Amino acid sequence: NFTWEVKRDLIASPPENACCKVAALSAFLRTSGAVTAGREGVGFEIVSENDRVAEYFVSLLESVYGVRMELREAVVDPKRSRDKLTFSCRGEQAARILAETGILRREGGSFSLSLGISPYLTENDCCALAYVKGAFLGGGSCTLPQGGSKTGYHLEFVFSHMQAAEEFCLLLERFELLAKCIVRGESVVVYMKSRDALSDFFSLVGAKGALKKLNAVSASRDEANYENRANNCL
């Protein structure tokens, strides 16, 4: 699907600097991760329906922290012909990672959940861009108009908390991308719904293949609309 085409473009150019890797990891944890607690202490899990995306972030985690996450569960979804992969990390290393990625705040000897995006993670534009890419890889999807269906241009990111979603909108504004928030069930969705917005996003994140397909779909759609208008004038 088109979402995978976008993600394939993104994982083809991983961040090089450690600070950018941490920003990308934070966004991925924020959109597809969950904090856990048990006998081994605080920990976290990440869930992905794409093994290449999962491996991408497992590799980033290993390169920054020297931690190799364990595959805890692989569940087959027969309706969507996909595996739902769950990776876990627990113990002192997990607590350190959650603190450094801004998911948890350390207060004395305990931790509390941070609902927003830590400003220091996105202070530099390169890190902010890495965060945007990580958020799409973790909780992003995109659709384009297809044939005669009513499907339009749509790009979205799914967050667990409103504060993180609102602050992500402000982060996008730094790159002159305007997005809106909407509550969907227990999640908060940041979305953009115009051809120009998608084009600007793909240009920003370097998704050249996705941008090429977007332009092709847009040109075909414009041609079909022109033909319809011409026929209506007859």
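Throughout what follows, the structure given in this document is the object of discussion. The structure presented is a predicted model; accordingly, all values stated were derived computationally and were not measured. (Residues numbered from 1 in each chain as written. Predicted model: local features only at pLDDT ≥ 70, side-chain atom pairs only at ≥ 80, totals over all residues. Heavy atoms only, no water.)

A word on helix α2 (residues 18-32)
Its 15 residues place the ends of α2 21 Å apart at the C-alpha level, agreeing with the 21 Å of an ideal helix rising 1.5 Å per residue. With respect to burial, α2 is a largely interior element, 13 of its 15 residues being buried. (Helix = DSSP H or I, 4+ residues; strand = E, 2+ residues; numbered from the N terminus. Expected span 1.5 Å × (residues − 1). Buried < 20%, exposed > 50% of the residue type's maximum accessible area, 1.4 Å probe, protein only.)

Things to note about the packing of helix α1 (residues 2-11) against helix α3 (residues 51-65)
Here α1 crosses α3 at 25°, and the two axes come no closer than 11 Å. Our classification of the angle between α1 and α3 gives roughly parallel. Between α1 and α3 lies a crossing whose hand is left-handed. Along its contact with α1, which presents Trp-4, Lys-7, Arg-8, Leu-10 and Ile-11, the element α3 presents Arg-52, Val-53 and Tyr-56. Tallied by class, the residues present in the contact of α1 with α3 amount to five nonpolar, no polar and three charged. (Axes fitted to C-alpha atoms, helices over the stretch in contact; angles between N-to-C directions. Parallel < 35°, antiparallel > 145°, perpendicular 65-115°, else oblique. Left-handed = near helix turned anticlockwise from the far one by under 90°. Contact = heavy atoms within 4.5 Å. Nonpolar A, V, L, I, M, F, W, Y, C, P; charged D, E, K, R; others polar.)

A closer look at the pairing of strand β1 (residues 33-38)
In this structure, β1 lies alongside strand β2 (residues 41-48), joined through six bridges in antiparallel fashion. Residue pairing for β2: Ala-37 is matched across the bridge by Val-42. Between β1 and β2, which follow one another and run antiparallel, lie two residues. (Pairing = 2+ DSSP bridges.)

A short note on the packing of aromatic side chains
Counted under the stated rule, the structure contains ten aromatic pairs. Judged by centre distance (5.0 Å) and plane angle (80°), the rings of Tyr-56 and Phe-57 are edge-to-face. Residue Phe-57 is classed as buried on the basis of its relative accessible area, which comes to 2%. Taken together, the ring pairs connect Phe-2, Tyr-131, Phe-136, Phe-157, Phe-159, Phe-168, Phe-201 and Phe-202 into an aromatic cluster. For the cation-ring pair, Lys-7 lies above Phe-136, with the distance from its terminal atom to the ring centre recorded as 6.0 Å. (Phe/Tyr/Trp six-rings, centres within 6.5 Å; stacked < 30°, edge-to-face > 60°. Lys NZ or Arg CZ within 6 Å of the ring centre and 35° of its normal.)

Considerations on the nonpolar core
The nonpolar side chains of a soluble globular protein tend to be buried with one another. With 73 residues, the main nonpolar core has Phe-44, Phe-157, Phe-168, Phe-201 and Phe-202 as its most contacted residues. Element by element, the count of residues in this core is highest for helix α5 (residues 125-139), at nine residues. In contact with Phe-168, other than residues within four places in its own chain, are Ile-117, Tyr-131, Val-132, Ala-135, Phe-157, Phe-159 and Val-190. (Core = buried A, V, L, I, M, F, W, Y, C linked by side-chain atoms within 4.5 Å.)

Concerning α1
Of all the ten residues making up α1, eight are buried; the element is thus mostly covered by neighbouring parts of the structure. Phe-2, Thr-3, Trp-4, Val-6, Lys-7, Asp-9, Leu-10 and Ile-11 are the residues of α1 that are buried. A side-chain oxygen of the first residue of α1 lies 3.2 Å from the backbone nitrogen of Thr-3; this N-cap is Asn-1. (Polar contact = N/O pair within 3.5 Å; in protein donor to acceptor, adjacent residues only side chain to side chain.)

Brief notes about unusual backbone geometry
Positive phi outside glycine occurs at Glu-176, with the angle close to 60°. If you trace the backbone, Glu-176 turns up in the loop between α6 (162-173) and β9 (180-184). Its relative accessible area of 70% is what places Glu-176 among the exposed residues.

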